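# Tertiary structure, described
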Amino acid sequence: MIACKQVAKALAENRYYELPWFRRIPMFIHIRLCVMCGKYHQQVVDFQKGIRGYLEHEEAGDVGTKIHLSDEAKKRIAEAMKNKS
Ligand SMILES: [Zn+2]
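Residues numbered from 1 in each chain as written. Predicted model: local features only at pLDDT ≥ 70, side-chain atom pairs only at ≥ 80, totals over all residues. Heavy atoms only, no water.

## Notes on helix α3 (residues 35-60)
In plain terms, the rule: Going along the chain from the N terminus, every DSSP run of H or I of four or more residues is numbered as a helix, and every run of E of two or more is numbered as a strand. Residue count minus one, scaled by 1.5 Å, sets the expected span of a helix. Given a residue, its bend is the angle between the two axes fitted to the seven residues that end at it and to the seven that start from it. Remark: exposure states derive from per-residue accessible area (1.4 Å probe, protein chains only) relative to the maximum for the residue type, with buried under 20%, exposed over 50%, and partly exposed in between.
Its 26 residues place the ends of α3 37 Å apart at the C-alpha level, agreeing with the 38 Å of an ideal helix rising 1.5 Å per residue. Bending of α3 peaks at approximately 40° at the position of H41. All of the buried residues in α3 are C37, H41, Q42, Q43, V44, V45, D46, F47 and Q48. In the segment just after α3, G61 is the residue with positive phi, at about 80°.

Encoded structure:
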């Protein structure tokens, strides 16, 4: 089990999806199991997931045609941005 501090550090310094799987998997498990991290980091992970999805579509040239965020996801991204600034 990795520590909360390691999760926070990894998320602050890297985009989680750019980490190798052997660092990503334990991090996900930790975020799922840890109440503290679950509350805070799940937001960050979802937010980064949204960005990755957007970048992939942008590269493919089809932004706006295929991306559909649920209202809940939009709200979470807005909140994550608010918390960051
Ligand atoms: Zn934790």
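## Overview of the side chain of H30
Counted only if it meets this: The definition of a polar contact used here is a pair of N or O atoms within 3.5 Å, where within protein one atom must be able to donate a hydrogen and the other to accept one, and adjacent residues in sequence count solely through side-chain atom pairs.
For H30, the position within the fold is in helix α2 (residues 21-33). A polar atom in the side chain of H30 sits 2.8 Å from the backbone oxygen of I2.

## Here we look at the pattern of salt bridges
Charged atoms that come close allow side chains of opposite charge to pair. Filter applied, for reference: Whenever a carboxyl oxygen of Asp or Glu lies within 4 Å of a side-chain nitrogen of Lys or Arg, that contact is scored as a salt bridge.
Counted under the stated rule, the structure contains 3 salt bridges. Ionic pairing is found between K9 and E13, a salt bridge with its closest N-O pair at 3.6 Å. Linking K9 with E13, this pair stays in helix α1 (residues 4-13), spanning 4 residues, or about one helical turn. Residue classification places E13 among the exposed residues on the basis of a relative accessible area of 54%. The shortest N-O distance in the salt bridge between E72 and R76 comes to 4.0 Å. Of this pair, E72 and R76 are both found in helix α4 (residues 71-84), 4 residues apart, which corresponds to roughly one turn of the helix. Of the residues examined, R76 reaches a relative accessible area of 30% and is grouped as partly exposed.

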